[in-house]
Amino acid sequence: MTIKLYNTLTRKKEVIKPISGDSVSMYVCGPTVYGHPHIGNARAAIVPDILYRLLRSKYGSVKYIRNITDVDDKIIKASKEEGISIDKITSKYTKVYNDNMADLGNLKPTHEPKVTDTISKIISTIEKIIKNGNAYVIDSHVLFDTDSFNNYGDLSGKKLEEMLDGVRIDNAAYKKSSRDFILWKPSEDNTPGWESPWGKGRPGWHIECTSMIKDILGDDTTLDIHGGGNDLIFPHHENEIAQGSCISREKYCNHWFHNGIVLVDKRKMSKSLGNVILLNQLFKNNDKATIRVALLSAHYRQPLNWTSRTLDNALNLVNKIRGSINPEINSDEQVQTEIKEILSDDINTPLAFKYLSDLTKSAKKNVKDSAILLQSCSFLGLDFQTQLKRMEPSKLLTVKIENLIQKRNELRNTGRYEEADAIRKELIAIGVTLKDNNGQTEWELDPNS
Ligand SMILES: [Zn+2]
């Protein structure tokens with residue numbers, strides 16, 4: 001299996017080739033923890049989770065790093081609004097985020113660094129950037145000098161004027177160029193801050209991700225894959241490349257991938273429109289596998305337009321799968337699956353779901369396809385096996401009886417009456433009475449059986 005993934009940097013689909021053979025590294029920008037995660041946060045975690053599953057199935061070692069941003073203006077604001085300390089806010093919402101992501105079937109990353117645990121590395125990284133002549137200190141701020149980095153703009157493909165437009169709101173007087181960005185800024189009295197060579201302060205957002213990557217991989221190691229939402233391409237990831245390239249002898253990152261935005265009825269989610277869909281609201285009335293299918297239903301590079309039908313469509317597929325899995329299959333037996341091949345072509349989840357839907361037809365008829373269906377779902381993080389095991393015995397029996405009845409009807413329809421009769425006898429043996437009525441089969445279970 002070769003894993004192909006669209007690379008934002010080269011603007012084409014490319015085969016992933018890790019720099020060190022059988023081990024691969026991936027970093028994904030994680031959440032800023034000050035509130036309940038919404039469906040956009042969930043998509044930005046589920047897409048890399050599918051890629052992580054593919055990488056794990058191919059390579060001996062995978063470093064999957066997803067950070068927690070636990071110091072930020074928004075966190076400080078939320079702390080004031082909720083009247084609770086910054087520490088309490090960040091630990092509360094880190095837990096909520098991690099629980100929600102696990103509930104949605106995501107695997108835990110191998111590394112989950114926090115900004116507040118990485119401050120000394122952030123400071124030494126900034127010192128190195130200054131020493132190399134790529135940043136300047138002014139008014140207790142440290143700013144990255146974008147003119148000093150020739151490849152600035154390569155990732156986003158933006159021209160100088162467009163970049164200036166994008167940052168015009170932040171046109172502070174102390175900047176040499178308005179596209180220069182903050183590496184370190186002073187902290188006001190009662191906001192979080194750390195002692196540094198530039199006074200008490202805290203890091204800018206962009207330098208946090210670069211420092212966390214370098215802290216884990218080392219300054220002179222190229223990251224294989226970097227992901228995030230496509231709203232992060234500029235300026236966040238552009239800035240990461242500039243900082244990371246200036247402190248290293250090696251390329252910052254080989255492969256960049258970005259997922260599209262989640263829209264609600266074709267509109268951007270925003271507090272002012274009141275259309276932000278939070279996971280904790282969705283969890284009240286929907287099962288988690290259905291939400292996961294809904295969030296993977298569009299190709300990851302496309303926007304996902306969430307409408308009233310999105311969850312219904314996902315539920316239809318989930319029900320179809322649940323109804324066709326034979327609860328008695330031995331899922332320990334490893335069967336060949338095509339699912340990895342489908343997903344390895346730029347994480348093609350819409351095609352993966354079409355494959356699962358087609359597979360439900362044959363899964364009802366034979367145990368092997370049922371096992372393939374179950375294992376394919378499991379590969380996608382949809383764990384129906386555990387759900388089936390947790391089902392009450394009566395529900396499990398119902399699924400078994402209905403599967404047998406369906407099989408019997410199919411045999412009868414194709415004239416294979418002897419085999420159909422064998423199934424009828426099997427049903428009688430477990431206490432089921434069948435009534436064939438106008439092509440419909442009704443059944444009853446003897447309560448004493
Ligand atoms: Zn980041």
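Criteria and thresholds
- Residues numbered from 1 in each chain as written.
- Predicted model: local features only at pLDDT ≥ 70, side-chain atom pairs only at ≥ 80, totals over all residues.
- Heavy atoms only, no water.
- Helix = DSSP H or I, 4+ residues; strand = E, 2+ residues; numbered from the N terminus.
- Buried < 20%, exposed > 50% of the residue type's maximum accessible area, 1.4 Å probe, protein only.
- Areas by Shrake-Rupley, 256 points an atom, 1.4 Å probe, with all protein chains shown as cover.
- Donors = N, O, S within 2.8 Å, 3.2 Å for Na, K, Ca; no water.
- Phe/Tyr/Trp six-rings, centres within 6.5 Å; stacked < 30°, edge-to-face > 60°.
- Lys NZ or Arg CZ within 6 Å of the ring centre and 35° of its normal.
- Domains from an automatic or database assignment.
- Contact = heavy atoms within 4.5 Å.
- Buried area = accessible area lost by both parts, 1.4 Å probe.
- Salt bridge = Lys/Arg side-chain N within 4 Å of Asp/Glu carboxyl O.
- Polar contact = N/O pair within 3.5 Å; in protein donor to acceptor, adjacent residues only side chain to side chain.
- Nonpolar A, V, L, I, M, F, W, Y, C, P; charged D, E, K, R; others polar.
- Axes fitted to C-alpha atoms, helices over the stretch in contact; angles between N-to-C directions.
- Parallel < 35°, antiparallel > 145°, perpendicular 65-115°, else oblique.
- Left-handed = near helix turned anticlockwise from the far one by under 90°.
- Pairing = 2+ DSSP bridges.

Here the focus is the overall build of the protein. A count of helices and strands for the protein gives 16 helices and 15 strands. Based on the C-alpha atoms only, the size of the protein along its principal axes is roughly 90 × 50 × 35 Å. Per-residue burial for the protein yields a buried fraction of 50% across its 449 residues. Roughly 21,600 Å² of accessible area belongs to the protein as shown, and the carbon and sulfur atoms make up 47% of that amount.

Before going further, it helps to spend a moment on the coordination of the zinc ion. Ligation of the zinc ion by protein atoms is provided by Cys-29 (SG), Cys-209 (SG) and His-236 (NE2), these donors lying 2.0 to 2.2 Å from the ion. On the primary sequence, the residues serving as donors to the zinc ion are separated as C-x179-C-x26-H. Remark: Cys-209 occurs in helix 6 (residues 205–217) and Cys-29 occurs in the loop between strand 3 (23–28) and helix 1 (39–58); sequence separation between them is 180 residues. Relative accessible area serves as the criterion here: at 12%, Cys-29 is assigned to the buried category.

It is worth spelling out the packing of aromatic side chains at this point. A complete count under the given rule lists 5 aromatic pairs for this structure. Aromatic pair Tyr-52 and Tyr-64: ring centres 4.8 Å apart, planes at 50°, arrangement tilted. Here Tyr-52, found in helix 1, pairs with Tyr-64, found in strand 4 (residues 61–66); they are 12 residues apart in sequence, far enough to count as distant. Taking 6.3 Å as the distance between ring centres and 75° as the angle between the ring planes, the aromatic pair formed by Phe-257 and Tyr-300 counts as edge-to-face. Of the two residues, Phe-257 sits in strand 10 (residues 253–259) while Tyr-300 sits in the loop between helix 9 (288–295) and strand 13 (304–306), which places them 43 residues apart along the sequence. By the burial criterion, Phe-257 is buried, and Tyr-300 matches it. Above the face of the Tyr-136 ring, Lys-176 is positioned so that its terminal group lies 4.7 Å from the ring centre. When the ring centre of Phe-283 is taken as origin, the NZ or CZ atom of Lys-288, which lies over that ring, is 5.0 Å away.

Once that is clear, we can look at the domain arrangement of the protein. Interface size is commonly expressed as the accessible surface area that is lost when the partners come together. As assigned here, the protein comprises domain 1 (4–259), domain 2 (282–390) and domain 3 (394–445). Distance from the C-alpha centre of domain 1 to the C-alpha centre of domain 2: 32 Å. With 23 residues of domain 1 at the interface, the matching set in domain 2 holds 25 residues. Both sides of the domain 1 and domain 2 interface together cover about 2,200 Å² of buried area, and 65% of this is carbon and sulfur. Between domain 1 and domain 2 we count 2 salt bridges in total. Here Arg-292 makes a salt bridge to Asp-49, at a shortest N to O gap of 2.7 Å. Our count for the domain 1 to domain 2 interface comes out at 10 residue pairs in polar contact (both at pLDDT 80 or more). The dominant element in the side of domain 1 that touches domain 2, judged by the number of residues it contributes, is helix 1, at 11 residues. Here the residues of the side of domain 1 that touches domain 2 sort into 11 nonpolar, 6 polar and 6 charged.

Turning our eyes to something else, we now look at the packing of helix 10 (residues 308–324) against helix 12 (residues 349–363). At a minimum axis distance of 9 Å, the contact between helix 10 and helix 12 shows a crossing angle of 30°. Comparing the axis directions of helix 10 and helix 12 gives the class roughly parallel. The way helix 10 lies across helix 12 gives a crossing that is left-handed. On the side of helix 10, the interface is formed by Leu-317, Lys-320, Ile-321 and Ser-324, while helix 12 contributes Phe-353, Leu-356, Ser-357, Thr-360 and Ala-363. For the contact of helix 10 with helix 12, the residue count by class is 5 nonpolar, 3 polar and 1 charged.

Here strand 14 (residues 432–437) runs beside strand 15 (residues 440–445); their pairing, made up of 6 bridges, is antiparallel. From the neighbouring strand, Thr-433 faces strand 15, where its bridge partner is Glu-444. Remark: 2 residues form the turn of the hairpin made by strand 14 and strand 15, two consecutive strands paired antiparallel; Asn-438 in that turn has positive phi of roughly 50°.

Let us now look at the packing of helix 9 against helix 10. For the pair helix 9 and helix 10, interaxial distance at closest approach is 8 Å and the crossing angle is 120°. As the angle between them shows, helix 9 and helix 10 are arranged oblique. Handedness of the helix 9/helix 10 crossing: right-handed. Every residue of helix 10 that contacts helix 9 at Ala-289, Thr-290, Ile-291, Val-293 and Ala-294 is listed here: Thr-310, Leu-311, Ala-314, Leu-315, Leu-317, Val-318 and Arg-322. Residue composition of the contact of helix 9 with helix 10, grouped by class: 9 nonpolar, 2 polar and 1 charged.

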